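Observations on the model geometry
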Amino acid sequence: MRPINCIIEEVRSEAPLIRTYRLDRNLNPAPGQYLMLWIRGVDEIPMSFSGPDTITVQSVGVATQAIFRMGAGSEVGLRGPLGNGFALKGNKILLIGGGVGTAPLAFLGEVAKKADIGVTSLLGFRSRDDMIFQDRFESLGETIITTDDGSYGIRGRASAGLKELNLFNYDQIYLCGPEMMMSDIISRTAEHAANTQACINRYFKCAAGICGSCCLDPDGVRVCVEGPVLLADRLLDSEFGRYKRGPSGAKGPCRG
Amino acid sequence: MMTVRLMSSLSIHAGGLDLKNPVLLAAGILGTTGASLRRAALAGAGGVVTKSVGSVPREGHPGPTIVHVKCGLLNAMGLPNPSYRDFQQEIKTAQSAGVPVIASIFGSSAAEFAQIARVLKADAFELNLSCPHAEKYGSELGRYPDLVESVTGAVKAAADVPVWVKLTPNTADILELGLAAQRGGADAVVAINTLKAMAIDIETGYPMLGNRYGGLSGQAIKPVAVRCVYELAGRLEIPVIGVGGISSWEDAIEMIMAGAQAVQVGTALQGGYGIFEEITGGISRYLERKSMTLEDLCGLAGRRS
């Protein structure tokens, strides 16, 4: 599809480096799906939906800084919704999110609650100042929060909150956050991997399943079209958590 | 029994390679990693061509890197690659699927091409003398017959495997380029790369591709590719590999009738890896229905005129 033109209707600050942008239309995305956001004259980058008509952006590079310079009324191009989102399954679900990765999970939790599915959330942030969407998650159900520095909730990584939960109580686990956090959770909860859906990140160029820049070793899964939500089962013995390829295709370390 | 017969009826020797079937993965498509190349091979490709690799790492152009248009696909990836020094393992992984792996390489001079071909190990090389959207590379060399000849000659002298030359259609006379490749000692020519093209966003006037210019592939270019293959096959003594807009077995048959000994599929991979079996299955059934062989089919159009 050619990019369509969209107007940013509202900008909301969520944390010092995180903002939510409401677009002028609802593209009917499934939670976990993404769009390719064209900041004209700068770049085109993938962004998860944080709601039916919102994206939540963390300022990390040239393109996201360019988004931060945009206000209500600014125009962007976009293609989407793209990829495979989360599949809602069962009556009780657990959301495990880290940092800005909580954004698609807040959207998912809201869709689940409307479908009368019980939602529990475990969220990890660096510190109290970096917390986002606390209200959204708390209105869905039990919410456990961890902070790396202990400034709020349980001190430690998101995995520190796992001991508060009996994972067998949940029909499905949904995961999104920094790669090392997700990989840590997946390896600690490996017996649930067949019931864990993880929304992951790779370097997307085409977002159409043909350029190959996002393919996962060892099976060549095209994350941009077969993901970005994949069963943890498929990640356990993959490159996930070990390395990832950058824009040139060279392998580099996973950070975060 | 059927499978064995079909497999054998499609096997060919083309451009110095033994191929179990004539349907290959084109350069630049799912060719960044060994795993995705391997997946294409396991899905039925008779051979796979890697993403083009050069002598230094490149991140490629800013996005958008592709734009869908009604009749095809525009792309300007910008030759992203980790450099040939960091690519050998990807080729090894791809080779584990058991089909030939053709390394697409690019450079800005004959010496740069030759240096890569001396070091990198692959089953064959395909010289990218045709990418239409990267400064100093691709068609910026490949539109000059003398450069096509000298680059081909340099790589032939450096490599001990077959050398294919991928030609640009962005020229007044592709035959001249094909003859130059042949003079340089090429084992085959591959025709065609994308047509230089662009698209503009009418809301704002911005060119849509990050690089402004890109290459058009897909359905729109198939008649151009068929014509180029027909012209080349009619005059060259070396084999022609046909590529450009093939998305069905009928397209592949048409390209083979134009004179292609094998074909490559690129943009159609958007529909998934199933395209290889779809095309090879279709060719097999066609040959059976017509009681023909691939050799009967190859260049048939040239013998009809």
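Structure: see above.
Residues numbered from 1 in each chain as written. Chains lettered and ligands numbered in written order. Predicted model: local features only at pLDDT ≥ 70, side-chain atom pairs only at ≥ 80, totals over all residues.

**Some remarks on the sheet that holds strand β10 (residues 188–191) of chain B**
Residue and element names in this part refer to chain B. Around the barrel, eight strands lie side by side as β3-β4-β7-β8-β9-β10-β13-β14; this closed barrel has parallel pairing. Across the sheet, the axes of successive neighbouring strands diverge by a mean angle of 25°, strand direction being ignored. One ladder, built from four bridges, connects strand β8 (residues 124–128) with strand β9 (residues 163–166); its direction is parallel. For F125, the partnering residue across the bridge sits in β9 and is V163. Contacts from helix α8 (residues 222–235) reach β10, β13 (240–243) and β14 (260–265), with the element oriented near 175° to β13. (Pairing = 2+ DSSP bridges. Helix = DSSP H or I, 4+ residues; strand = E, 2+ residues; numbered from the N terminus. Axes fitted to C-alpha atoms, helices over the stretch in contact; angles between N-to-C directions. Contact = placed C-beta atoms within 7 Å.)

**Considerations on the packing of helix α9 (residues 249–258) of chain B against helix α10 (residues 275–290) of chain B**
Residue and element names in this part refer to chain B. Relative to each other, α9 and α10 sit at 65°, their axes nearing to 8 Å. For the element pair α9 and α10, the recorded crossing hand is right-handed. Counted together, W249, A252 and I253 of α9 and E278, I279, G282, I283 and Y286 of α10 form the full contact between these two elements. (Left-handed = near helix turned anticlockwise from the far one by under 90°.)

**Things to note about the sheet that holds strand β12 (residues 196–199) of chain A**
All names here are of chain A. Strand order in the open sheet formed by seven strands is β10-β9-β8-β7-β11-β12-β15, with mixed pairing between adjacent strands. Each edge of the sheet is formed by a strand with only one pairing partner; in this case those strands are β10 (154–155) and β15 (229–231). Sheet analysis places strand β7 (residues 92–98) next to strand β11 (residues 172–176), joined by five bridges and oriented parallel. What sits directly across from L94, in β11, is I173. In the packing of helix α2 (residues 102–114) onto the sheet, contacts are made with β7, β8 (118–125), β11 and β12, and the angle to β7 comes to roughly 165°. Along the sheet, helix α4 (residues 179–188) makes contact with β7, β8, β11 and β12, crossing β12 at roughly 170°.

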